Amino acid sequence: MTWKITKSNYRKIKKISDSYANTILALLKKSLNRAVTREFLDRNVMDKVKRFKQDPKEAEIWTLEQFQKVLDQIYIQDYKQNFHYCLLLTLFMTGCRIGELQALYWENINFTKGRIDIFYTLDYKNRQEWSREFKTKTKSGKRTIALDSETLKVLRRWQRRQSKHCQSNFVFSLDGNPLTVATVNNLLKRYANLANVPPIKVHGLRHSHASYLLEQGISIASVSKNLGHSSINITLGVYAHAYKNADEKIAEELTGIINQKGSIENKVKTSSWKCNLE
């Protein structure tokens, strides 16, 4: 039976990683979902199959300095490169999932209050077949986040410039059509090479955003909420590397907070104490 798939069964077939096994499960589930939609099947039996637990791996990220080097390679006077700059900056500054940013409409940005509504995800198959869905990866993924004033200015300038080239509801579009993930990954690779920094995938910008905030001392609860994680435990599991030197930082913070002088006179008669040293 489909729902009897286990890790041991996979191991008997071929030695593959848990990550690859989860990819297979995801593709199979998606295929069967389409079959249900087209009424070839009554239900998707893959809904009963749980993902395999994977050992946490340190996320690939860019430091703030590395990201700045990348931005410095972009010639914003050029229309397309201005788009690239705005896109990468917003990904880094918000930590949004790429699907959330793909689906972002101008009406979702409140320039007056400096906030962005993350309520939609783009389901993109090809240029002709895509849909903007009122959902996010998790229930807590639907959120409203604050955005810094400098990034808001960049977005406002991009809005004015975009309007001269096309009429688009999408924030991140050159011609009114939705953005593709492949496009973003190609941009990251190109500018990483120019900046001489290690290349990362688009999700790495989300990791970079979270790692930077945690290293700056922002609470894990606040970061988790900003990312739209369903649980703080997920945030802790993914970004454990940000706490590698946490004990040293704690020791530094505690250094010198206690007055070590003690009393200038003896107020306790210790000779009357009964001590059992055995």
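Use the structure listed above.
All values derive from a computational prediction rather than experimental measurement. (Residues numbered from 1 in each chain as written. Predicted model: local features only at pLDDT ≥ 70, side-chain atom pairs only at ≥ 80, totals over all residues. Heavy atoms only, no water.)

Visitor: Would you mind going over a positive patch on the surface in detail, with residue names and values included?
Guide: A contiguous patch of positive charge on the surface is contributed by R156, R157, R160 and K164. Among the residues examined, R157 registers a relative accessible area of 49% and is labelled partly exposed. (Patch = residues over 30% accessible without salt bridge, like charges linked within 9 Å, V, L, I, M, F, W, Y side chains within 5 Å. Areas by Shrake-Rupley, 256 points an atom, 1.4 Å probe, with all protein chains shown as cover. Salt bridge = Lys/Arg side-chain N within 4 Å of Asp/Glu carboxyl O. Lys, Arg positive; Asp, Glu negative; His and termini not counted. Charge placed at Lys NZ, Arg CZ, Asp CG, Glu CD. Buried < 20%, exposed > 50% of the residue type's maximum accessible area, 1.4 Å probe, protein only.)

Visitor: Residue-level account of the side chain of S208, with values.
Guide: With respect to the helices and strands, S208 occurs in helix α8 (residues 203-215). Within polar-contact distance, the side chain of S208 engages the backbone nitrogen of W62 at 2.8 Å. Separated by 2.7 Å, the side chain of S208 and the backbone oxygen of G204 make a polar contact. Filtering out sequence-adjacent residues up to four positions away, S208 remains in contact with I61, W62, F92 and I200. (Helix = DSSP H or I, 4+ residues; strand = E, 2+ residues; numbered from the N terminus. Polar contact = N/O pair within 3.5 Å; in protein donor to acceptor, adjacent residues only side chain to side chain. Contact = heavy atoms within 4.5 Å.)

Visitor: Lay out the packing of helix α4 (residues 79-94) against α8 with the relevant residues and their values.
Guide: Contact geometry for α4 and α8: axes closest at 7 Å, N-to-C directions at 45°. With respect to their mutual orientation, α4 and α8 come out oblique. Contact with α4, carried on its side by L88, L91, F92, M93 and T94, involves L205, S208 and H209 of α8 and no other residues of that element. Tallied by class, the residues present in the contact of α4 with α8 amount to five nonpolar, three polar and no charged. (Axes fitted to C-alpha atoms, helices over the stretch in contact; angles between N-to-C directions. Parallel < 35°, antiparallel > 145°, perpendicular 65-115°, else oblique. Nonpolar A, V, L, I, M, F, W, Y, C, P; charged D, E, K, R; others polar.)

Visitor: Run through the packing of aromatic side chains, naming residues and quoting values.
Guide: On inspection of all chains with the given rule, the structure shows nine aromatic pairs. Here the aromatic rings of F83 and W158 are separated by 5.5 Å at their centres, their planes lie at 40°, and the arrangement is tilted. Separated by 75 residues along the polypeptide, F83 in helix α4 and W158 in helix α6 (residues 149-163) bring together distant segments of the chain. On the accessibility criterion, F83 (3% relative accessible area) is buried. W158 gets classed as buried once you look at its relative accessible area, which sits at 0%. Ring geometry for Y120 and F134: centres 5.1 Å apart, planes at 65°, overall edge-to-face. Linking Y120 in the loop between β2 (115-118) and β3 (121-124) with F134 in the loop between β4 (130-133) and β5 (143-146), this pair joins segments that are 14 residues apart in sequence. (Phe/Tyr/Trp six-rings, centres within 6.5 Å; stacked < 30°, edge-to-face > 60°.)

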